[in-house]
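Take a look at the letters that make up each chain.
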Amino acid sequence: MKKLDQLNFDNTFSRLPDIFHSRLNPTPLPHSYLVSFNASAAELINLDVTEAERADFADYFIGNRLLPGSEPLSMLYAGHQFGSFVSQLGDGRAILLGEIKNSNGEYWDIQLKGAGITPFSRNGDGRAVLRSSIREYLCSEAMHGLGIPTSRALCIVGSDAEVYRETIESAAVVTRLSPSHVRFGSFEVFAYRDQHEPIALLADYVIAKHFPDISDAPDKYLRFLNEVITRTASLMAQWQAVGFAHGVMNTDNMSILGLTFDYGPFGFMETYDPGFICNHSDHGGRYAFDQQPQIGLWNLACLAQALTPIIAVEEAQEALENYEPTYFEHYTELMGKKLGLTNVTKEDASLVTPLLEMMRASQLDYTNLFRSLGLFKFAPDERSSELRDQFVDRAAFDAWADVYRTRLQSEPGTDEERKARMDKVNPKYILRNSMAQSAIALAERERDFSEVDRLLALLSRPFDEQPEMEDYAAPAPDWARHVVVSCSS
Ligand code: AMP
Ligand code: MG
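No experiment lies behind these values; they were computed from the predicted model shown.

Okay, the site of ligand 1 next. The local shell around ligand 1 holds 18 residues, among which Gly90, Gly92, Arg122, Asp125 and Gly126 are the closest. Take Arg93: an N or O atom from its side chain is 3.2 Å from a nitrogen atom of ligand 1. Here Arg165 contributes a side-chain N or O atom positioned 3.4 Å from a nitrogen atom of ligand 1. Here ligand 1, which alone exposes 480 Å², has 80% of that area covered by the protein. Of the residues contributing to the shell around ligand 1, the split by class is three nonpolar, seven polar and eight charged.

Below you can see the structure in the form of structure tokens.
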């Protein structure tokens, strides 16, 4: 395990030509203090966890001191924001310190989010607030706990500095770790400028680093696009299956590796509502929950378009046609597993649709209903139960249960074995807005970060029964249904 000054930096992105980034140091912030430290993320970069106890630890992760070996820079990109192309965005408040190569040979970008103004800040202040930093920190780790590809979070450091949003808030920096921060928009920026060379160079870079198996293929760029399509389709299926809404699926927030990242006004769906809009600023519902899969495709089409200088148009179009079948295959598989099925087939989709419809009609909590589906008993005389009684239309449930029961005949094992399988894919705990909000309120009001740490521990094991944490599995209290989450962060 390494001390802070021994981290094994190998900054490959920094070695790309200057056109891809802008070199600069973080802007210092006064009176910094550690809010939370995530030991499991520290392992990824071989960081000795006792380093978090150093008096100067916070200074390194708020940008007041530089880690030896880092080569700070902000990345350039463009993006389609809510459907409109913005020709230049870039890291307006994030600074990539560099990449750490760990003892397994894996590379982890280490990035400070909220580290000050950059050449890409436009009208922004380069800062992030404590509130949104806590949300990103908890959610990225919650997603990891759920087994969904995501950026990770090492720590949050706060500062006394004031930041102006709808109200005055305090500044914070969240340190993100990710195998890559290259986005769809990282390619779009050069396509717009009609600069073909950097497109090929960036594609070569990403392929060599992340898809080495295809680097010698004559059609490597097409294969690369196919990889991104497959991964994005799989990611969308995972979001839909778990009930996660990202909130700002702009192409600058779409990872080239199919990871969830750039957490803003995200939300886990609580009461099942396919039209759920988690982002208060998304008036048209462009990024509503049930729109996500098709937006994934729309965004991939933007990427494919940007890659046309290096891929034939017809081939790119053909590749995009794989998205929908790939998405449905993954989604059906995941939903089948949520029903406890082991050999999921296409036909099983016909079990899912009516179940979701009944959940909508009964306004049930998506997460909790699936968890309680594990209680389903194969014995056909089960006509009143904790599960059945949640549905308003019991007759509809009984009819569905008969079909489900018939399907279960071709599944092996006992009720208990099926429940055990289901409990591994139907989480008990998700990050509800009310939970994040309680942790934020305590942090803001009293500088008490214990709730952040408590949630971090809870959400790292979302499938396990944690009896002393039972309250966190309850649907949101009434006040929390009105917590407004917007793009302001
Ligand atoms: P987002 O959709 O939140 O990922 O951000 C879109 C763009 O706005 C990115 O280029 C961000 O770097 C930039 N941005 C967001 N907030 C700020 C801020 N407070 N200061 C500077 N740039 C920002
Ligand atoms: Mg972003």
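This paragraph deals with the layout of surface pockets. The volume enclosed by the largest pocket comes to roughly 820 Å³. Here the lining of the largest pocket is built from residues that sort into eight nonpolar, twelve polar and eleven charged. Formed jointly, the lining of the largest pocket draws a minimum of three residues from each of two domains, domain 1 (4-182) and domain 2 (185-328).

Taken as a whole, this structure holds 24 aromatic pairs when the rule is applied. Measuring from ring centre to ring centre gives 5.9 Å for Tyr33 and Phe449, while their planes differ by 10°; the resulting arrangement is stacked. Of this pair, Tyr33 sits in strand 2 (residues 32-37) while Phe449 sits in the loop between helix 14 (433-446) and helix 15 (450-459), placing them 416 residues apart in sequence. You can call Tyr33 buried: its relative accessible area is 14%.

UniProt annotation of "binding site: ATP" (unreviewed entry) refers to Gly90, Gly92, Arg93, Lys113, Asp125, Gly126, Arg176, Arg183 and Asp262 when read in the numbering used here. The subset of these annotated residues that lines the largest pocket comprises Gly90, Gly92, Arg93, Lys113, Asp125, Gly126, Arg176, Arg183 and Asp262. Note that Gly92 resides in the loop between strand 5 (84-86) and strand 6 (94-101). Take Gly92: its relative accessible area is 19%, and that puts it in the buried class. Look past the residues within four positions of Gly92 in its chain and what remains in contact with it is Gly116, Ile117, Thr118, Phe120, Ser121 and Gly126. Of note, Arg176 is situated in strand 10 (residues 168-178). Given a relative accessible area of 1%, Arg176 falls into the buried group.

Turning to helix 8 (residues 313-320), its buried residues number three or more, namely Ala316, Ala319 and Leu320. Buried residues in helix 8, looked at end-on, bunch into an arc of 100°, giving them a common side. Away from the buried face of helix 8 by more than 90 degrees, exposed residues Glu314 and Glu318 are located. Buried residues in helix 8 make contact with helix 6 (220-242), helix 7 (292-306) and helix 9 (323-338).

Moving on, we get to the pairing of strand 10. Burial of strand 10 is extensive: nine of the eleven residues sit out of reach of the surface. Sheet analysis places strand 8 (residues 128-129) next to strand 10, joined by two bridges and oriented antiparallel. Bridge pairing in strand 10 links Ala128 to Ala172. Looking at chain direction, strand 9 (residues 152-164) and strand 10 are connected through nine bridges and run antiparallel. For Ile156, the partnering residue across the bridge sits in strand 10 and is Val174. Where strand 9 hands over to strand 10, the hairpin turn is made up of three residues, counted between the paired strands.

On to helix 11 (residues 366-373), then. Within helix 11, seven of the eight residues are buried, leaving the element largely enclosed by the surrounding structure. The complete set of buried residues in helix 11 reads Tyr366, Thr367, Leu369, Phe370, Arg371, Ser372 and Leu373. Elements that come into contact with the buried residues of helix 11 comprise helix 6, helix 9, helix 10 (349-361), helix 12 (394-408) and helix 13 (415-423).

Calculation notes
- Residues numbered from 1 in each chain as written.
- Chains lettered and ligands numbered in written order.
- Predicted model: local features only at pLDDT ≥ 70, side-chain atom pairs only at ≥ 80, totals over all residues.
- Heavy atoms only, no water.
- Near = heavy atom within 4 Å.
- Polar contact = N/O pair within 3.5 Å; in protein donor to acceptor, adjacent residues only side chain to side chain.
- Areas by Shrake-Rupley, 256 points an atom, 1.4 Å probe, with all protein chains shown as cover.
- Nonpolar A, V, L, I, M, F, W, Y, C, P; charged D, E, K, R; others polar.
- 1 Å grid on protein atoms, 1.4 Å probe; cavity = no way out; pocket = protein on both sides within 12 Å on 5 of 7 lines; lining within 4 Å.
- Points joined across faces, edges and corners; volume = space filled by probe spheres on them.
- Domains from an automatic or database assignment.
- Phe/Tyr/Trp six-rings, centres within 6.5 Å; stacked < 30°, edge-to-face > 60°.
- Helix = DSSP H or I, 4+ residues; strand = E, 2+ residues; numbered from the N terminus.
- Buried < 20%, exposed > 50% of the residue type's maximum accessible area, 1.4 Å probe, protein only.
- UniProt positions renumbered as here; feature names shortened; annotations may be inferred.
- Contact = heavy atoms within 4.5 Å.
- Arc of directions from axis to C-beta.
- Pairing = 2+ DSSP bridges.

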